[in-house]
Amino acid sequence: MYKSHKNDIGYQIQQISHLVKQLQNERLVQEGLSISHMNVMFVLYEENRVNQSHIQNNLGIKASSLSKLVDILIQKGLVTRESLDGDARSKIICLTALGKEKKSQLYQIRDELEKQLTEHLSEAETEQLAKMLSRVKSNIVKE
């Protein structure tokens with residue numbers, strides 16, 4: 001007899017991922033951003049000026065997808081794209097002053113969601129969950 005797929009870890013992670021993206025996007029709509037845009041911004045907040053391929057590798061997305069995200073962030077005045085040493089193929093993405101100003105708002109949105117996700121977990125359980133999810137991810141992505 002087969003067990004219900006609803007108890008499968010992969011299924012539960014997929015469902016949680018879907019719900020988290022929805023919640024995050026609902027919160028970000030007031031900023032005119034999506035969770036994908038926010039993830040790009042978080043890489044830049046950690047490193048400020050980075051090669052576009054670094055962001056792509058960090059987020060695990062296609063070059064064309066990242067290019068579209070960066071184009072939107074440029075239109076919103078949050079980042080700039082610069083050629084590196086005259087090499088048109090190598091692009092550096094940088095935060096603008098406005099992009100830097102958004103930092104506290106975006107971290108607050110993230111922190112509010114994290115609080116909701118871990119509301120019924122102790123601090124130790126939250127840390128343990130984060131470690132276990134990291135280990136699960138490492139089974140899939142060999143870094």
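For the structure, see preceding data.
Residues numbered from 1 in each chain as written. Predicted model: local features only at pLDDT ≥ 70, side-chain atom pairs only at ≥ 80, totals over all residues. Heavy atoms only, no water.

## Describing the overall build of the protein
Point 1. For the protein, the helix and strand inventory stands at 7 helices and 3 strands.
Point 2. Along its sequence from the N terminus, the protein presents helices and strands in the succession α-α-β-α-α-β-β-α-α-α.
Point 3. Taking the principal axes of the C-alpha coordinates as reference, the protein spans close to 60 × 30 × 25 Å.
Point 4. In the protein, the proportion of contacts linking residues at least 24 apart, taken out of those at least 6 apart, comes to 51%.
Point 5. For the protein, the exposed surface amounts to about 10100 Å²; the carbon and sulfur share of it is 52%. (Helix = DSSP H or I, 4+ residues; strand = E, 2+ residues; numbered from the N terminus. Contact = heavy atoms within 4.5 Å. Areas by Shrake-Rupley, 256 points an atom, 1.4 Å probe, with all protein chains shown as cover.)

## Observations regarding the packing of aromatic side chains
Point 1. According to the stated counting rule, one finds 3 aromatic pairs in the structure shown.
Point 2. Geometrically, the ring pair formed by Phe42 and Tyr107 is tilted, given 4.6 Å between the ring centres and 35° between the ring planes. Remark: Tyr107 occurs in helix 6 (residues 103-117) and Phe42 occurs in helix 2 (residues 35-47); sequence separation between them is 65 residues.
Point 3. Of the aromatic side chains, those joined through ring pairs into one cluster are Phe42, Tyr45 and Tyr107. (Phe/Tyr/Trp six-rings, centres within 6.5 Å; stacked < 30°, edge-to-face > 60°.)

## Thoughts on the packing of helix 2 against helix 4 (residues 63-75)
Point 1. Put simply, helix 2 and helix 4 touch, their axes get as near as 10 Å, and they point 85° apart. Here helix 4 runs roughly perpendicular to helix 2, going by the angle between their axes. Contact with helix 2, carried on its side by Ser36, His37, Val40 and Met41, involves Leu66, Leu69, Ile72 and Leu73 of helix 4 and no other residues of that element.
Point 2. Partitioning the contact of helix 2 with helix 4 into residue classes produces 6 nonpolar, 2 polar and no charged. (Axes fitted to C-alpha atoms, helices over the stretch in contact; angles between N-to-C directions. Parallel < 35°, antiparallel > 145°, perpendicular 65-115°, else oblique. Nonpolar A, V, L, I, M, F, W, Y, C, P; charged D, E, K, R; others polar.)

## Looking at the side chain of Lys102
Point 1. Secondary-structure assignment places Lys102 in the loop between helix 5 (97-101) and helix 6.
Point 2. Lys102 sits in the buried class, given a relative accessible area of 16%.
Point 3. The residues touching Lys102, leaving out its near neighbours within four places in the chain, are Glu31, Tyr45 and Leu78. (Buried < 20%, exposed > 50% of the residue type's maximum accessible area, 1.4 Å probe, protein only.)

## What about a nonpolar patch on the surface?
Point 1. Together, Ile9, Ile13, Leu121, Leu129, Met132, Leu133, Val136, Ile140 and Val141 give the surface a local cluster of nonpolar side chains, amounting to about 750 Å² of exposed area.
Point 2. Among the elements of the structure, helix 1 (9-28) and helix 7 (123-140) are those that each provide at least two residues to the nonpolar patch.
Point 3. Looking at the nonpolar patch element by element, the count peaks at 5 residues for helix 7.
Point 4. Its place among the elements puts Ile140 in helix 7.
Point 5. Residue Ile140 is classed as exposed on the basis of its relative accessible area, which comes to 66%. (Patch = residues over 30% accessible without salt bridge, like charges linked within 9 Å, V, L, I, M, F, W, Y side chains within 5 Å. Salt bridge = Lys/Arg side-chain N within 4 Å of Asp/Glu carboxyl O.)

## Focus: the nonpolar core
Point 1. Residues Met41, Leu44, Ile55, Val79 and Leu106 are the most contacted members of the largest nonpolar core, which totals 23 residues.
Point 2. Looking at this core, the elements with two or more residues in it are helix 2, helix 4, strand 3 (87-95) and helix 6.
Point 3. Ignoring any residue separated from it by four or fewer positions in sequence, one finds Val79 in contact with Met41, Leu44, Val70, Leu73, Ile74, Ile93, Cys94, Leu95 and Thr96. (Core = buried A, V, L, I, M, F, W, Y, C linked by side-chain atoms within 4.5 Å.)

## Topic: the pattern of salt bridges
Close approach of charged atoms allows side chains of opposite charge to pair.
Point 1. Summed over all chains, the structure comprises 4 salt bridges.
Point 2. In this structure, Arg49 and Glu82 form a salt bridge, with 3.5 Å as the shortest nitrogen-oxygen distance. Separated by 33 residues along the polypeptide, Arg49 in strand 1 (residues 49-51) and Glu82 in strand 2 (residues 79-84) bring together distant segments of the chain.
Point 3. Put simply, Asp111 and Arg110 hold a salt bridge, and the shortest N to O gap is 2.9 Å.

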